[in-house]
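Structure at a glance
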Amino acid sequence: MASSSPDWRLWRTAFLNLRDEALTSPPPSSLLILFRRLFFSQIHDALAVAAASLPISEVTADVTLLVELASATTRCEDAVEPLLQIIHLIHNVCCRVQLEFNSFSWTLIMNFLKLTMETVLGSANPKNYLTSTLRLKMMAEISETLRLIIKVYGRNCLISETSDLAMLLIFIISNLHSEMLSLQDGNDDWHATDNGSAKPKYSSLYEIQIMVLSLLRDAVSKLGTSISGSLWEAVVTVLRKLMDFVASKNVIVDSIMSRFYAALFHCLHLILSDPKGSLSAHVAGFVTTLQLFFTYGLSSRSLAFTAVESENIGINSSNEKSEILESWKSKRVPYKPPHLRRRGANALSVSAESSYNCESSSLSLFSSDSEQSDNDASPLDGDRYHSSKARLAAIFCIQDLCIAEPKSITSLWTLLLPESDVLQPRKHRQTLMSCLLFDPIMKIRFASSSTLASMLDGHSVVFLQLAEHRESTKCGSFTALSSSLGQILMQLHTGVLYLIKSESHEGLLVSLFKVLILLISATPYARMPDYLFSNTVSSVHDKIKRTLAFKMDNVGLQATAVSCLGAALSKSPPSAHALKMLEEGAISQNGMSVPFLLIELSELGRHPAITFEALQVLKAISHNYPSIMSGFWEQISAIAYRFLHTPVTPDFSGCNGGSWMGDHGKASGPISERCTVAAIKVIDECLRAVSGFKGADDLLEFRFLDIQLMSNTIREKRVASAPSYQFDISDSSNKDPTDYSPAVMQWSEVIRKHLPLAICHCAPMVRAAAFNCFAGLTSSVFSMLNEDMQESIISSTVSAALNDKAPSIKSAACRAIGVLASFSQIVYNGCLLDKLIRAAELNCHDSTVSVRVTASWALANICDSLRHRAIELQLELCSDETAEFDALSLVVETALKLTKDGDKIKSNAVRALGHISRFLNFNCYSMSNEVLKISKESCHSAKNPDLPKNGFCKEKNSPVFRSNGSNSAKYGDPQLLEKMVQAFLSCVTTGNVKGAYCLQHSSIASS
């Protein structure tokens, strides 16, 4: 046959004879003889060349018939050699012809390949039947055939067909793994040369593994969330075998092995990112192997150079920055795409190109369309590109494990994180921090940062509360877990703060600040050295000042840095060292101190993201360090007033809160409503601090003191909404703690200037924040306000609770009602109580759960005031002929209905019923139709506090709850008692812990 004109008749003759013989349904043994006669007497390449000149549909049909008949011969004893020759023929044909398979032919060829591998490599045929070379050749041809078929038919594969393909690939990988084990001769260098590269004899084995792992990766990626649990478990099992094999041998650094490691880790990353089962049994094995690749492909010289380079790049002054920029500009050369850069360039060219790449990496993150990224350093030594892909994939796998098994990964923190000398590069002590600090590839540093964030998030916040710092012990001595965690936290702070100070890449700085935010929230600073927290705050503050001094336009960086400062200053409990630092900045009147800097960032004209974060930090300072903000009231008041006067456009106010991350644009247009809300919240915190607010239960002696005395315990409350008074300013001893004149002055200013604008604001968020301010009032300050302001507060709050449609506003108004109901001015005034009861009762039936929660809380506080009025003040409530509002019966009926609601609402309802039961006696003297009403004449009680405390507003025939002598006990309906007892018992049976607590105190008071 001439090569220029392939004899297509050779192919057709062979397959026409095959079809004719197949019509008689010959047995498998006869088929083997037929195969030898028709195909194996010919030269396989000649058949394959002939197939290339025939129509594709004809060749596809012939190959389909061949594999269908060959599948029946796989159980024959002498079928191994014919099957190998058929595999070789199909492989050669697929290399020359793009076969057009359908679902039927795909199923046939998958089944044939599976049966062939089981026959040739299965337990029925000993391994020594074929040489290792023949087995590898067969698996290579099967893998290459699968790759070529998938290239054409892969897009049309069904989920079931893709699953079958994945199972076949798993079988191939398992057999390749067996070949690896059988080829080793017991030495660690069984597959490596003296220089550390793979021996040529075994390179083909890894090439096959790379191909099969890539096919498995594509199959798993296509299956996505549709992958079955059994298939997922099978993939995890076979990958675990490969990972254990890699860990048992020396890591080899060359092109082939780098590709093998990268392919293995990429496939593992896909399977770990969407777990379908538990990974706890594999976490330790995976982490032990992956940790070996944190510095894979990097020499000690490279690590040392990177450490020195990163230190030199640090920007500590404007002069240093200008010198670095000038040096970069002087070394620039014309740009050349990465895939066109030659390794054999002269030293000067390589140096200039490397410097330019360094600058390019500081301007973009993952912005390369070529195979080798601009962010990758020039390959000065070794296989830098492929080895960096292996390192990157290994770190991503660690991140997947941190997300999938956070509890299991905590036991391996000492492997992944440093306990000492974090700033010293050590090749044989590989941690995530060493990757973050010293790796020359920017992508890997980003991956290390995100992995650290995953480790510090979630479960670790609870786990790290065990950490404590102790002085270093003797070498070799036992180290407790708490001490190890304390050392790890110290090293993490050292490394992250060092990078924040020295790093110039803005994208990496944003990632580092996010890591630091999580690190701050997870660190128990009370158990750490005193200087650690203050150093953290100072480092973040200094970085913010430098970004402002250099006029960086990266809004995401500045906003994240300010947010990080807020996370530190909002840390509870507050730090005495941080308070001292803030006081020094406030006293020195330094324009770049923390309070002054935040006020500057809160001014109009800044980007809304930066303004919002700055206001959040001011709120945190007002909450944790209230004494600091007392000297900045005028500035804060002016800022809030300007925000309230700034119009809010719907387009801008509706922007996503996270959309500014990475935004490099400048501020334009009006301020967003989120900033206005933040400004009002700062005002709220300042007012709470100056008013001495310690929680919604302001009148402690009214609420809990009598119950605590009955139970022989005194409970100190710490309410999250109250400012922290743990530290006082130095001259606080000279101030009168009962002097509320500054609070009255500030409240008067807010009521006169800010609240009218806020309550009438078009944005519901702003109106809700305004009513939340009323929830921070105290009885002492409220009583010192003039009557017009008191009436304005009450009327606006009640009106919002009754008439506003926004759930957030109704909820905020109900919370304010619950606070106002405890004030003595309200308790004495039955007319005002009447208004508050109406508003609270109406919102207890609202369709929104959040509104019902705060309304039921307000109702319970109102019942507490009624108890206080009846028992401590001994003010009797009597019937009024002109009043048709049945106060007590309405409250009781509403509370009984609320006991059938959710847990929080039920607990508030039980507390309300408990307060009522304390001043009602249920006996035979009660009449079922008696009710208790509030007299309008009691409206004058607030103006006449010296009125008699008993016999108030009595009429001879009108009282419906009779007074019993001097204790003014009231008598209630026994049927009401039965309903209340049933409600109490329901809290016990449903397991409502908070409701049971309220029930316990109610039963103590009623007994």
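Not measured: the values here are computed from a predicted model. (Residues numbered from 1 in each chain as written. Predicted model: local features only at pLDDT ≥ 70, side-chain atom pairs only at ≥ 80, totals over all residues. Heavy atoms only, no water.)

Right, let's talk about the overall build of the protein chain for a bit. Looking only at helices and strands, the protein chain features 46 helices and 2 strands. Taken across its 1007 residues, the protein chain has 54% of its residues classed as buried. In the protein chain, 78% of the contacts between residues at least 6 apart in sequence involve partners at least 24 apart. As displayed, the protein chain has an accessible area near 44,300 Å², and 53% of this comes from carbon and sulfur atoms. (Helix = DSSP H or I, 4+ residues; strand = E, 2+ residues; numbered from the N terminus. Buried < 20%, exposed > 50% of the residue type's maximum accessible area, 1.4 Å probe, protein only. Contact = heavy atoms within 4.5 Å. Areas by Shrake-Rupley, 256 points an atom, 1.4 Å probe, with all protein chains shown as cover.)

In this model, serine 572 is joined to proline 573 through a cis peptide bond whose omega is 0 degrees. The residue proline 573 is located in the loop between helix 25 (555-569) and helix 26 (576-588) in this model. Its identity as a non-glycine residue notwithstanding, serine 25 has a phi of 50 degrees, on the positive side. Position of serine 25 among the secondary structure elements: in the loop between helix 1 (8-22) and helix 2 (28-40). You will see that aspartate 421, though not glycine, has its phi angle at about 50 degrees, which is positive. Looking at where aspartate 421 falls in the secondary structure, it is placed in the loop between helix 18 (413-416) and helix 19 (432-438).

Turning to the packing of helix 10 (residues 229-248) against helix 12 (residues 280-290), a few remarks are in order. Their axes nearest at 9 Å, the elements helix 10 and helix 12 cross at an angle of 40 degrees. On the basis of their axis angle, the class for helix 10 and helix 12 is oblique. Along this stretch, helix 10 crosses helix 12, giving a crossing that reads as left-handed. Where helix 10 approaches helix 12, its residues Glu233, Val236, Leu239, Arg240, Met243, Val246 and Ala247 are matched on the opposing element by Ala281, His282, Gly285, Phe286, Thr289 and Leu290. Residues of the contact of helix 10 with helix 12, tallied by class, amount to 8 nonpolar, 3 polar and 2 charged. (Axes fitted to C-alpha atoms, helices over the stretch in contact; angles between N-to-C directions. Parallel < 35°, antiparallel > 145°, perpendicular 65-115°, else oblique. Left-handed = near helix turned anticlockwise from the far one by under 90°. Nonpolar A, V, L, I, M, F, W, Y, C, P; charged D, E, K, R; others polar.)

By size, the foremost hydrophobic cluster in this structure holds 291 residues, and its most contacted members are Phe35 and Phe39. For this core, the element with the most residues is helix 11 (residues 255-273), which contributes 12 residues. What phenylalanine 35 contacts, discounting residues up to four positions off in sequence, is Leu18, Phe40, Leu66, Leu69, Ala70, Thr73 and Ile86. (Core = buried A, V, L, I, M, F, W, Y, C linked by side-chain atoms within 4.5 Å.)

Overall, the coordinates contain 23 salt bridges when judged by the stated rule. For the salt bridge of arginine 445 with glutamate 503, the shortest nitrogen-to-oxygen distance reads 2.9 Å. Note that arginine 445 is positioned in helix 20 (residues 442-456) and glutamate 503 in the loop between helix 22 (481-502) and helix 23 (506-522), a separation of 58 residues in sequence. Its relative accessible area of 8% is what places arginine 445 among the buried residues. Linking aspartate 684 and arginine 688 is a salt bridge whose minimum nitrogen-to-oxygen distance equals 2.9 Å. With aspartate 684 and arginine 688 both in helix 32 (residues 673-691), this residue pair falls 4 residues apart, about one helical turn. Take aspartate 684: its relative accessible area is 8%, and that puts it in the buried class. Residues participating in the shared-partner salt-bridge network are Glu468, Arg470 and Arg527. (Salt bridge = Lys/Arg side-chain N within 4 Å of Asp/Glu carboxyl O.)

Tracing the backbone through its elements, the reader meets serine 163 in helix 8 (residues 159-183). Excluding its chain neighbours within four sequence positions, the residues that come into contact with serine 163 are Leu223 and Leu231.

Our next topic: helix 41 (residues 830-843). Look at helix 41: 20 Å from first C-alpha to last across 14 residues, which is about the 20 Å you get at 1.5 Å a residue. With respect to burial, helix 41 is a largely interior element, 10 of its 14 residues being buried. Of the residues making up helix 41, those classed as buried are Gly830, Leu832, Leu833, Asp834, Leu836, Ile837, Ala839, Ala840, Glu841 and Asn843. In this structure, the buried residues of helix 41 make contact with helix 38 (787-803), helix 39 (807-820), helix 40 (824-827), helix 42 (849-871) and helix 43 (887-898). Looking at where helix 41 begins, the residue whose side-chain oxygen comes 3.1 Å from the main-chain nitrogen of cysteine 831 is asparagine 829. (Expected span 1.5 Å × (residues − 1). Polar contact = N/O pair within 3.5 Å; in protein donor to acceptor, adjacent residues only side chain to side chain.)

What follows is about the packing of aromatic side chains. Evaluated as defined, the whole model comprises 13 aromatic pairs. Taken together, a centroid distance of 5.1 Å and an interplanar angle of 65 degrees make the contact between tyrosine 206 and phenylalanine 260 edge-to-face. Placement of the pair is tyrosine 206 in helix 9 (residues 200-223) and phenylalanine 260 in helix 11, with a sequence separation of 54 residues. Like phenylalanine 260, tyrosine 206 is buried. (Phe/Tyr/Trp six-rings, centres within 6.5 Å; stacked < 30°, edge-to-face > 60°.)

Mapped onto the fold, leucine 601 is located in helix 27 (residues 594-601). Considered as a pair, leucine 601 and glutamate 613 are 12 residues apart in the sequence and their alpha carbons are 8.9 Å apart. With residues near it in sequence (within four places) discarded, leucine 601 still touches Ile544, Leu548, Val562, Arg606, Ile610, Thr611 and Ala614.

To continue, consider a nonpolar patch on the surface. Judged by side-chain polarity, Val251, Val253 and Leu292 come together as a nonpolar surface patch covering roughly 180 Å² of accessible area. Here valine 251 lies in the loop between helix 10 and helix 11. (Patch = residues over 30% accessible without salt bridge, like charges linked within 9 Å, V, L, I, M, F, W, Y side chains within 5 Å.)

A word on helix 26. With 13 residues, helix 26 extends 18 Å from end C-alpha to end C-alpha; this agrees with the ideal 18 Å at 1.5 Å per step. Within the span of helix 26, buried status applies to Ala578, Leu579, Met581, Leu582, Gly585 and Ala586. Each buried residue of helix 26 sits inside an arc of 165 degrees when the element is viewed along its axis, so together they form one side. Along helix 26, the residues that are exposed and aim more than 90 degrees away from the buried face are Lys580 and Ile587. The opening residue of helix 26 is serine 575, an N-cap whose side-chain oxygen sits 3.3 Å from the backbone nitrogen of histidine 577. (Arc of directions from axis to C-beta.)

What follows deals with the environment of leucine 223. Its location among the elements puts leucine 223 in helix 9. Judged by its relative accessible area of 3%, leucine 223 falls in the buried class. Between the alpha carbons of leucine 223 and threonine 162 there is a distance of 7.2 Å; along the sequence they are 61 residues apart. Setting aside anything within four residues of it in sequence, one finds leucine 223 in contact with Ile159, Thr162, Ser163 and Leu231.

When you line up the elements, glutamate 161 lands in helix 8. For the buried residue glutamate 161, which engages in no salt bridge, the nearest side chain bearing the opposite charge is lysine 222, 7.1 Å off. A distance of 3.0 Å separates a polar atom in the side chain of glutamate 161 from the backbone nitrogen of leucine 158. Other than its neighbours up to four places away in sequence, glutamate 161 contacts Ser103, Trp106, Tyr153 and Asn156. (Lys, Arg positive; Asp, Glu negative; His and termini not counted.)

This next bit is on the environment of valine 80. Summarising the element assignment, valine 80 is placed in helix 5 (residues 80-96). A C-alpha to C-alpha distance of 5.9 Å links valine 80 and valine 120, two positions 40 residues apart in sequence.

For the rest of this paragraph, the subject is the confidence of the model for the protein chain. As a note on interpretation, predicted positions should not be read in detail where pLDDT is low. Scored by pLDDT, the protein chain has a mean of 77; 70% of the residues are at 70 or more. When mean pLDDT is taken per element in the protein chain, helix 20 scores highest with 95 and helix 15 (residues 347-361) scores lowest with 35. Low pLDDT, under 50, characterises residues 1-5; the predicted model gives this stretch 3 contacts beyond four residues in sequence or across chains. Long-range and interchain partners of residues 877-885, a stretch whose pLDDT sits below 50, account for 19 contacts in this model, where long-range means more than four residues apart. (pLDDT = per-residue confidence, 0-100.)

Attention now goes to the packing of helix 39 against helix 42. As a packed pair, helix 39 and helix 42 sit with axes 8 Å apart at the nearest point and diverge in direction by 15 degrees. Taken together, helix 39 and helix 42 sit at an angle that is classed as roughly parallel. Read as a crossing pair, helix 39 and helix 42 show a hand that is left-handed. On helix 42, the residues touching Pro807, Lys810, Ser811, Cys814, Arg815, Ile817, Gly818 and Val819 of helix 39 are Ser850, Val851, Thr854, Ala855, Trp857, Ala858, Asn861 and Ile862. In the contact of helix 39 with helix 42, the residues fall into 9 nonpolar, 5 polar and 2 charged.

Time to look at the state of the cysteines. Per the stated rule, a full pass over the model turns up 0 disulfides. The structure places no disulfide on cysteine 397, whose sulfur is separated from the nearest cysteine sulfur, that of cysteine 267, by 9.4 Å. The structure places no disulfide on cysteine 814, whose sulfur is separated from the nearest cysteine sulfur, that of cysteine 844, by 7.3 Å. In this structure cysteine 814 comes out as buried when scored by relative accessible area, which is 0%. (Disulfide = S-S within 2.5 Å.)

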